[in-house]
Amino acid sequence: DMLELGDDSINHHTKIADFISFEKIDKICCVGYYMKHLYNKLPAHQRAGYYENTDDLLFDIPGLIKNIDVVLVKASNSFKFSRVIEKIKSIGKLV
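Residues numbered from 1 in each chain as written. Predicted model: local features only at pLDDT ≥ 70, side-chain atom pairs only at ≥ 80, totals over all residues. Heavy atoms only, no water.

### As for helix H3 (residues 54-64)
Spelled out, the test is: Type-normalised accessible area, obtained with a 1.4 Å probe on protein chains alone, sets the label of each residue: buried when under 20%, exposed when over 50%, and partly exposed for intermediate values. By definition, any uninterrupted DSSP run of H or I lasting at least four residues is a helix, any uninterrupted run of E lasting at least two residues is a strand, and each is numbered from the N terminus. Within this analysis, the arc is defined by the directions that extend from the helix axis to the C-beta atoms. Any pair of residues with heavy atoms lying within 4.5 Å of one another is described as a contacting pair.
Among all positions in H3, only Thr54, Leu57, Leu58 and Ile61 are buried. Mapping the buried residues of H3 onto a view down its axis gives an arc of 105°, with all of them on the same face. Exposed positions of H3 whose direction lies more than 90 degrees from the buried face are Phe59 and Gly63. Looking at the packing, one finds that the buried side of H3 touches strand E1 (28-31), strand E2 (47-51) and helix H4 (82-91).

### Observations regarding the environment of Cys30
Positionally, Cys30 belongs in strand E1. The sequence separation of Cys30 and Lys74 amounts to 44 residues, and the corresponding C-alpha distance is 9.8 Å. What Cys30 contacts, discounting residues up to four positions off in sequence, is Met35, Leu38, Tyr39, Gly49, Tyr50 and Tyr51.

### Focus: the pattern of salt bridges
What counts here: When a carboxyl oxygen of Asp or Glu is within 4 Å of a side-chain nitrogen of Lys or Arg, the pair counts as a salt bridge.
Enumeration according to the criterion identifies 2 salt bridges in this entry. Between Asp55 and Arg83 there is a salt bridge, and its shortest N-O distance comes to 2.8 Å. With Asp55 in helix H3 and Arg83 in helix H4, the pair connects residues that are 28 residues apart, well separated along the chain. With relative accessibility at 46%, the residue Asp55 sits in the partly exposed group. With a closest N to O distance of 3.4 Å, Glu86 and Lys89 form a salt bridge. Residue Glu86 and its partner Lys89 are both found in helix H4; the two are separated by 3 residues, about one turn of the helix.

Shown next, in the form of structure tokens:
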């Protein structure tokens, strides 16, 4: 979630799915209330999972990522995604 967007937050989150660069991403996980709006707009083949909070995502990470995968993590510090990075690092080789 981009918590600083204010009253138009849902609209801004939904618009992200329209970025042409998103077509090149195989799978997307979303975390947080506002990110659900983005997740719902994604094509089904890109939806890897929606999570209400970081802890729920952490539980599923081992089943989502293989050692050969390239993973980009983009998050607000308020979601404490440093824990997600540590979990990913424990699964495979960090490049």
